[in-house]
Each structure stands twice: as C-alpha cells, then as structure tokens.
Amino acid sequence: MSTDPRRARTVRRRRMHERQAVVFGLLIAFLALVGLGALAVYTGAIEAPFDRALSTPEEADELADVDVPCLPEETLPVAAKKVHVTVLNASGSSAPLAGTNQESLLERGFTVDAIGNAPDADGVDGPDPMARTQIHFGAKGIAAAYTLAAHYQDPGLVLDDREGGAVDLYIGEDFVGLVDPELVGLDADTPLEDPAGCVPLDEVAPTPSPAPPAEDDPAAEAAQG
C-alpha cells in the first residue's frame, strides 16, 4: 500500500508546528516566571538569593562619632611656615609615606618638626591602620590644622587635649597625593570655611592626645625613606 506524498508532508508539517508550539510555549512560560521573580525582588517581596554574596561590606567610619569643631568667627589661614607638623605614616604600608609628605609640605613652606610611623600602625599588635588621613590638633592649633587640611583630600579633623599649636598629620590608606597647589584655594585675607556639620568648638569634647612614636623605633627610621 503506497503512501500519499502530499499527505505525508502535511503530517510532518503539522508535527513540526506542534513541536514549535510546545517549545515557544515553554520559553514564554520561563520568561514570564523570570519576569515575575525579578519584579518580586525589585519590590522587596522576596530577597535575592545572591544579594549577600555580591554585596560589598560597608567599611566602618572610624571618625563617625568624632565631632568636627567649627572655627572661631573670621579665622584666617595661618602662614605655612608657622604651621608646625609632625607627619606620621598610619596606613600600615611600608612605603615611606611620611618622608614623601615631608618633602611635599616643605616645598609648600610648612614646618615639619618630625616624621615617623604612627604607633602600632601595622595593625599587628595594636589598632588597625587608619583608612582615612587625619589631622589631630589642640584648640590653639585649629587655624593651623584647617590651613593644612586644605592641602589634603577630605582629611578627618580631630580635636585633642594638647596644649600647644602644633598639629599631627596621620597619613591613612586613602592617601593618593596632596591637592594641587592651584586648587588649594586659600587666601591670607579670606577667613577659613567651616566644614559641613561642624560643632561649636566649646561643645566638642577633646580626645586624649596620641602618644608619640618611640625615638628609637626602627619603624620610625624606615618611614623617613
């Protein structure tokens, strides 16, 4: 018994269309499920299973609870040569950052009294390295500190209980270089600007003055490069 070729082609074509319909139906259903799942994650109805794995942990702000003091009214910048600075490498890096900053500050006219490594800056036997560059100063050194701060990118400003007007500069892990001299923007006759969110000086509780690095500390010699 012979088979009608036209009928056979029709059967094959119908079966092919049926398979295509099944495949497209499954694909549409899959895409619909994906879309509903994405919508649920976007609206917060369900938690994405990969959210924890892909999210970057937030770094703790070591200065989050430290009040930044406002300047007394009409405080003018201090001449660079009158700003006495101790430069300390607090990044935990073995690079001679204190020496590098000393050279840059001397070129800009600042007076660098000493350089070295911050105590326990390596994070082995003491506190972790500082993530952020910081300037520590007493009430008498606030104008000097803010003058120096203009040469760095968003440094932390910490009032401590020291008596004199000298300041300490702690080079943190975020240090990539000083601000370009042309962008410092200080004028001897223009008062310094208060940082956002500052607190009146007399309302800030000073932190304890940091201990200086030991004079015979070999790490302090290495910091000089």
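Here is what the cut-offs are and how they apply
Residues numbered from 1 in each chain as written. Predicted model: local features only at pLDDT ≥ 70, side-chain atom pairs only at ≥ 80, totals over all residues. Heavy atoms only, no water. Disulfide = S-S within 2.5 Å. Helix = DSSP H or I, 4+ residues; strand = E, 2+ residues; numbered from the N terminus. Buried < 20%, exposed > 50% of the residue type's maximum accessible area, 1.4 Å probe, protein only. Phe/Tyr/Trp six-rings, centres within 6.5 Å; stacked < 30°, edge-to-face > 60°. Patch = residues over 30% accessible without salt bridge, like charges linked within 9 Å, V, L, I, M, F, W, Y side chains within 5 Å. Areas by Shrake-Rupley, 256 points an atom, 1.4 Å probe, with all protein chains shown as cover. Salt bridge = Lys/Arg side-chain N within 4 Å of Asp/Glu carboxyl O. pLDDT = per-residue confidence, 0-100. Contact = heavy atoms within 4.5 Å. Right-handed = clockwise from strand over helix to strand, strands pointing away. Lys, Arg positive; Asp, Glu negative; His and termini not counted. Charge placed at Lys NZ, Arg CZ, Asp CG, Glu CD. Pairing = 2+ DSSP bridges.

**Considering the state of the cysteines**
Moving on, step 1. Counting across every chain of the model gives 1 disulfide.
Moving on, step 2. One disulfide in the model links Cys70 with Cys198; its S-S distance is 2.0 Å. Judged by the torsion about the S-S bond (95°), the Cys70/Cys198 disulfide is right-handed. Separated by 128 residues along the polypeptide, Cys70 in the loop between α2 (51–54) and β1 (84–89) and Cys198 in the loop between β5 (167–171) and α5 (218–223) bring together distant segments of the chain. The pair Cys70 / Cys198 is uniform in exposure class, with both members buried.

**What about helix α4 (residues 142–149)?**
Moving on, step 1. Taking burial as the measure, the 8 residues of α4 include 8 buried ones, the bulk of the element.
Moving on, step 2. Ile142, Ala143, Ala144, Ala145, Tyr146, Thr147, Leu148 and Ala149 are the residues of α4 that are buried.

**With respect to the packing of aromatic side chains**
Moving on, step 1. Here the structure, examined in full by the defined rule, presents 2 aromatic pairs.
Moving on, step 2. Ring geometry for Tyr152 against Phe175: centres 6.2 Å apart, planes inclined by 45°, an arrangement best described as tilted. Note that Tyr152 is positioned in the loop between α4 and β4 (156–159) and Phe175 in the loop between β5 and α5, a separation of 23 residues in sequence. There is no split in this pair, since Tyr152 and Phe175 are both buried.

**Some details on the environment of Val176**
Moving on, step 1. Its location among the elements puts Val176 in the loop between β5 and α5.
Moving on, step 2. In sequence terms Val176 and Gln153 are 23 residues apart; their C-alpha atoms lie 8.8 Å from each other.

**What about a nonpolar patch on the surface?**
Moving on, step 1. Together, Phe24, Leu27, Ile28, Phe30, Leu31 and Val34 give the surface a local cluster of nonpolar side chains, amounting to about 630 Å² of exposed area.
Moving on, step 2. Within the secondary structure, Leu31 is located in helix α1 (residues 5–43).
Moving on, step 3. Leu31 sits in the exposed class, given a relative accessible area of 52%.

**Some details on the confidence of the model for the protein**
Moving on, step 1. In the predicted model, the protein carries a mean pLDDT of 83, and the fraction of residues at 70 or more is 79%.
Moving on, step 2. When pLDDT is averaged over each helix and strand of the protein, the minimum, 46, is found for α5 and the maximum, 98, for α4.
Moving on, step 3. Across residues 52–57, confidence stays below pLDDT 50; counting only partners more than four residues off in sequence or on other chains, it has 1 contact.
Moving on, step 4. Scored below 50 in pLDDT, residues 121–126 makes 9 contacts in the model with residues more than four places away or belonging to other chains.

**Side note on the pattern of salt bridges**
Moving on, step 1. Applying the stated criterion across every chain, the model contains 3 salt bridges.
Moving on, step 2. When the shortest N-O distance is used, the salt bridge between Arg162 and Asp160 registers 2.7 Å.
Moving on, step 3. What makes Arg162 buried here is its relative accessible area of 17%.
Moving on, step 4. Salt-bridge contacts for Arg162 lead to Asp168; the nearest nitrogen and oxygen are separated by 2.9 Å. Across the pair, exposure class does not vary: Arg162 and Asp168 are buried alike.

**Topic: the pairing of β1**
Moving on, step 1. Where burial is concerned, most of β1 is hidden: 5 out of the 6 residues are buried.
Moving on, step 2. A crossover connection joins β1 to the parallel strand β2 (residues 111–117) through helix α3 (residues 97–107); in handedness this β-α-β unit is right-handed.

**Topic: a positive patch on the surface**
Moving on, step 1. Taken together, the side chains of Arg6, Arg9, Arg12 and Arg13 present a region of like positive charge at the surface.
Moving on, step 2. Mapped onto the secondary structure, Arg6 falls in helix α1.

**Considerations on the pairing of β4**
Moving on, step 1. Of the two faces of β4, the one carrying Gly156 and Val158 and the one carrying Leu157 and Leu159 are both buried.
Moving on, step 2. As paired strands, strand β3 (residues 134–137) and β4 are joined by 4 bridges and run parallel to one another. Residue pairing in the sheet places Gln134 in a bridge with Gly156 of β4.

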